[in-house]
Amino acid sequence: MSGTPAVAASGEEIGPDGVREPGGEVHGWLPGQNQTVCGLPLSRTRLRRFPHVRFDYAATDVLTEADPVGWICPRCLAASQGRRRDDKRGWVRHSPRP
């Protein structure tokens, strides 16, 4: 995956500043593609695109009823955070199997 993912969501709300914000079910989406990071086609699932909102959620984020976002796709989270997690660990196999 190259680039920074934006948000695709099942709903939208207008924020206090008058800008569209994602709501409902949230997925990662790379602008210019017709599917989410986890592989859902945007047209068939009727997900709305939010190119101005970065998909910067974490697996430890806690959602409450007050949040417009109700669910964050765990597959999109894993795909978008895989590189960062590997870079932090710096894991390298030193003696590979024959």
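Residues numbered from 1 in each chain as written. Predicted model: local features only at pLDDT ≥ 70, side-chain atom pairs only at ≥ 80, totals over all residues. Heavy atoms only, no water.

A. Main features of the overall build of the protein. When you go through the protein residue by residue, the secondary structure sums to two helices and four strands. Put simply, the protein runs from its N terminus to its C terminus through helices and strands in the order β-β-α-β-β-α. In the protein, once contacts between residues fewer than 6 apart in sequence are set aside, the share between residues at least 24 apart is 55%. Approximately 7000 Å² of the protein is accessible, and the part contributed by carbon and sulfur atoms is 49%. (Helix = DSSP H or I, 4+ residues; strand = E, 2+ residues; numbered from the N terminus. Contact = heavy atoms within 4.5 Å. Areas by Shrake-Rupley, 256 points an atom, 1.4 Å probe, with all protein chains shown as cover.)

B. View of the nonpolar core. Membership of the largest hydrophobic core comes to 13 residues, with the highest contact counts inside it found for V7, V26, F55, Y57 and I72. Those residues in contact with I72 that sit more than four places away from it in its chain are V26, F55, Y57, L63 and L77. In this structure, A8, W29, L42 and L47 belong to the second largest nonpolar core, which totals five residues. (Core = buried A, V, L, I, M, F, W, Y, C linked by side-chain atoms within 4.5 Å. Buried < 20%, exposed > 50% of the residue type's maximum accessible area, 1.4 Å probe, protein only.)

C. Quick look at unusual backbone geometry. The backbone of R46 sits at a positive phi, close to 55 degrees, despite the residue not being glycine. In this structure, R46 sits in the loop between α1 (42-45) and β3 (48-54). The exposure class of R46 is exposed, given its relative accessible area of 70%.

D. Representation of the side chain of H27. By secondary structure assignment, the location of H27 is in strand β2 (residues 20-29). Excluding its chain neighbours within four sequence positions, the residues that come into contact with H27 are A6, V7, A8, T36, C38, L40, L47, F55, W71, C73 and C76.

E. Region of the structure containing the pattern of salt bridges. Inspection of the entire model under this criterion finds two salt bridges. A salt bridge links R20 to E12; its shortest N-O distance comes to 2.9 Å. According to the relative accessible area criterion, R20 is partly exposed, its value standing at 29%. R48 is the partner of E12 in a salt bridge, and the nearest nitrogen-oxygen pair spans 3.7 Å. With a gap of 36 residues between them, E12 in strand β1 (residues 6-14) and R48 in strand β3 connect regions that are remote in the sequence. Classification of E12 by relative accessible area gives partly exposed; the value is 34%. Take R48: its relative accessible area is 37%, and that puts it in the partly exposed class. The network of salt bridges with common partners includes E12, R20 and R48. (Salt bridge = Lys/Arg side-chain N within 4 Å of Asp/Glu carboxyl O.)

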